[in-house]
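Here's the letter readout for the chains.
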Amino acid sequence: GQGKTTYLKSVLSELRLLGIETAGFYAEGEWKNNVRVRFEITNVHSQESRFLCSDEKVDGFENVGRFYFDPETICWGEQLLLSEESSRPCLFVLDEIGKFELKKKVWYSVFMRLLEMKQPVLITVRSDILERVIQQFQIQNPVVFGLENVQKKVALTIAGQL
């Protein structure tokens, strides 16, 4: 609810204008009575979207916190990243790394694999857990952008790092 995904989508648009290849996804939530009730993830390359999770119980879905995650969509999201890792150089995008990943859930394993392979990764993280994410995942020399940064400048900085 801080605007991370909206900001990320703007940065991704700027990166496309600069010719930067990306792979991965962003997650958009649906609100009901000021509470997030479901999420979909969207492939940053093709714009295909899939249902990820809901706060309503669904048989066969994995319960994490107050959400029930579709295991097929988790696999799809992982494949969006892992199928690209050797086929072309690109920036890997995960929206978001958060409390679930700190508990070794949801995107934890795919994020760890990208870090171990030293792939360039662009993630969104809530500001209140940013330091925990950096420490727990031992992220070396992170470049951190706040929502107040101009998206075009962020894209240019990322392009310069690649």
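Look a little higher up for the structure.
Residues numbered from 1 in each chain as written. Predicted model: local features only at pLDDT ≥ 70, side-chain atom pairs only at ≥ 80, totals over all residues. Heavy atoms only, no water.

> What should I look at first to understand helix 4 (residues 108-116) in this one?
If you check which residues of helix 4 are buried, you get Val 110, Phe 111 and Leu 114. Buried residues along helix 4 cover an arc of 100° about the axis, so they all sit on one side. On its buried face, helix 4 is in contact with helix 2 (71-82), strand 6 (91-94) and strand 7 (121-123). Lys 118 lies just past helix 4 and shows a positive phi near 60°. (Buried < 20%, exposed > 50% of the residue type's maximum accessible area, 1.4 Å probe, protein only. Helix = DSSP H or I, 4+ residues; strand = E, 2+ residues; numbered from the N terminus. Arc of directions from axis to C-beta. Contact = heavy atoms within 4.5 Å.)

> Can you help me understand the pattern of salt bridges in this one?
Side chains that differ in charge, positive against negative, can pair when their charged atoms come close. As enumerated under the stated definition, the model contains seven salt bridges in all. One salt bridge in this structure joins Glu 28 and Lys 9, with 2.8 Å as the shortest N-O distance. A residue pair is termed long-range when its members are at least 10 positions apart, and Glu 28 in strand 1 (residues 22-32) and Lys 9 in helix 1 (residues 4-17) qualify at 19 residues. Here Glu 28 falls in the partly exposed class, since its relative accessible area comes to 35%. For Lys 9, a relative accessible area of 31% translates into the label partly exposed. We note a salt bridge from Asp 128 to Arg 126, for which the minimum N-O separation is 2.7 Å. Residues participating in the shared-partner salt-bridge network are Glu 30, Arg 38 and Glu 40. (Salt bridge = Lys/Arg side-chain N within 4 Å of Asp/Glu carboxyl O.)

> What's the story with the sheet that holds strand 7 in this structure? I'm lost.
Whether parallel or antiparallel, the strands of a sheet pair through hydrogen bonds between backbone atoms. Across the sheet, which stays open at both edges, the seven strands sit in the order 4-5-3-2-1-6-7 with mixed pairing between neighbours. The sheet terminates laterally at strand 4 (62-64) and strand 7, the two strands that pair on one side only. Put simply, the sheet's adjacent strands are angled 30° from each other on average, direction ignored. Across three bridges, the pairing between strand 4 and strand 5 (residues 67-69) is antiparallel. What sits directly across from Asn 63, in strand 5, is Tyr 68. Helix-sheet contacts for helix 1 involve strand 1, strand 6 and strand 7, and the interaxial angle to strand 1 is about 150°. (Pairing = 2+ DSSP bridges. Axes fitted to C-alpha atoms, helices over the stretch in contact; angles between N-to-C directions.)

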